[in-house]
Amino acid sequence: MHAIRNCVCGRWSSDVRLDGQTVLITGANTGIGKETARDLARRGARIIMACRDVEKAESARTEIMDDAGNEEVVVRKLDLSSTSSIRELAEIINREEQKLNILINNAGIMMCPYSKTTDGFETQFGVNHLGHFLLTYLLLDLIKRSAPARIVNVASVAHTWTGLRLDDINSERSYDSVKAYGQSKLANVLSTRSLAKRLRGTGVSVFSLHPGVVRSDLWRHLNTGVQLAVKVFSIFSKTTVEGAQTSIYCAVQPGLEAESGGYYSSLLQSGVGRGTGREAVGGQLQDAGAHLGLETGHAPTPTTVSQNPFTGQVHLLHCPTV
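Residues numbered from 1 in each chain as written. Predicted model: local features only at pLDDT ≥ 70, side-chain atom pairs only at ≥ 80, totals over all residues. Heavy atoms only, no water.

S.K.: Where do I start with a nonpolar patch on the surface in this structure?
M.R.: Residues V157, W161 and V178 make up a contiguous nonpolar surface patch of roughly 240 Å² in combined accessible area. Residue position: V178 is located in helix α6 (residues 177-198). When its relative accessible area of 34% is taken as the criterion, V178 is described as partly exposed. (Patch = residues over 30% accessible without salt bridge, like charges linked within 9 Å, V, L, I, M, F, W, Y side chains within 5 Å. Areas by Shrake-Rupley, 256 points an atom, 1.4 Å probe, with all protein chains shown as cover. Salt bridge = Lys/Arg side-chain N within 4 Å of Asp/Glu carboxyl O. Helix = DSSP H or I, 4+ residues; strand = E, 2+ residues; numbered from the N terminus. Buried < 20%, exposed > 50% of the residue type's maximum accessible area, 1.4 Å probe, protein only.)

So, in structure tokens, the structure goes:
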């Protein structure tokens, strides 16, 4: 049993240093984000913890600084469900930071009851995908100026569970929390591959990954029966330290540049679901995201996305603000 668990939850070590480099990690106050921040702080990086709960983040910051012996750890407010908050953070980073070598889009929400973000998007798609898409877009010039640089998107094996519901991206006609989560993670994987292609020749590499089944508070929205099953089979799940390993690997492992766009699981490049074979959709997600308020100075109105089955073209349908 112990051998099986080691296979599933393998650990990794590396002596790569990040002295002089700046790393931004979303959701770094808890779970695998916190352990990723701790590891990279130990490597000498300047860590920017971008978190919604600032009080909790400050407590984590103190713990990480003491543990890593690194005082270059700062907290910045970020609410990924609000485009205004995302823009405010990006403005601060672009103004105050001279470089951004590694961006780790780690924060997320899983299988929650139906709700919408401040800007009218289904919460899982809005937080897990659109929020990080906007943050990456707004920081991209700084990242390119910091090359060689990396963007790491924490996705999930859940991207194989469903396809993109391009005709009901906000799940307004029907909502399945599991499928909505899978859709947001599929969008992560598709956009990673598309962005990697667009950034060829810039010195910026992009990766997505499955951290594994991790024992963390990400499971808090699941019903009691599922939570009990998770506990029963916890022998096969990962601690937050183990769950952070693939994020750290994609951030620091030398020589991965040639694999930009790759999807990793348990420290290895892995195959992806059938839905990710639709390369055009990945590019359309990039194009669609770029119109969700990114090309203007204001937040977007609630939007749904539909795809013409004959041309494959994505259309954005702006709805009245509610």
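There is more to say after this.
S.K.: What's the story with the pattern of salt bridges in this structure? I'm lost.
M.R.: Close approach of charged atoms allows side chains with opposite charge to pair. Using the criterion set out here, one finds 17 salt bridges in the structure. Salt-bridge contacts for D67 lead to R42; the nearest nitrogen and oxygen are separated by 2.4 Å. Of this pair, D67 sits in helix α3 (residues 54-68) while R42 sits in helix α2 (residues 31-42), placing them 25 residues apart in sequence. Looking at D67, the relative accessible area reads 38%, which means it is partly exposed. Residue K116 pairs with E172 through a salt bridge whose shortest N-O separation is 2.7 Å. Highlighted residues: K116 in the loop between β4 (102-105) and α5 (123-145) and E172 in the loop between β5 (149-154) and α6, separated in sequence by 56 residues. Since its relative accessible area comes to 34%, K116 is described here as partly exposed. Through salt bridges with shared partners, a single ionic network connects K34, E35, R38, R42, E63 and D67.

S.K.: Could you clarify how one ought to interpret the packing of aromatic side chains in this entry?
M.R.: Within a pair of aromatic rings, the relevant descriptors are the distance that separates the centres and the angle that separates the planes. Enumeration according to the criterion identifies three aromatic pairs in this entry. Seen in terms of ring centroids, F207 and Y264 are 5.9 Å apart; in terms of plane orientation they differ by 80 degrees. Their pairing is edge-to-face. Of this pair, F207 sits in strand β6 (residues 204-210) while Y264 sits in strand β7 (residues 263-265), and the two are 57 residues apart along the sequence. Just as F207 is buried, Y264 falls in that class too. Counting every residue linked through ring pairs, the aromatic cluster contains F207, Y249 and Y264. (Phe/Tyr/Trp six-rings, centres within 6.5 Å; stacked < 30°, edge-to-face > 60°.)

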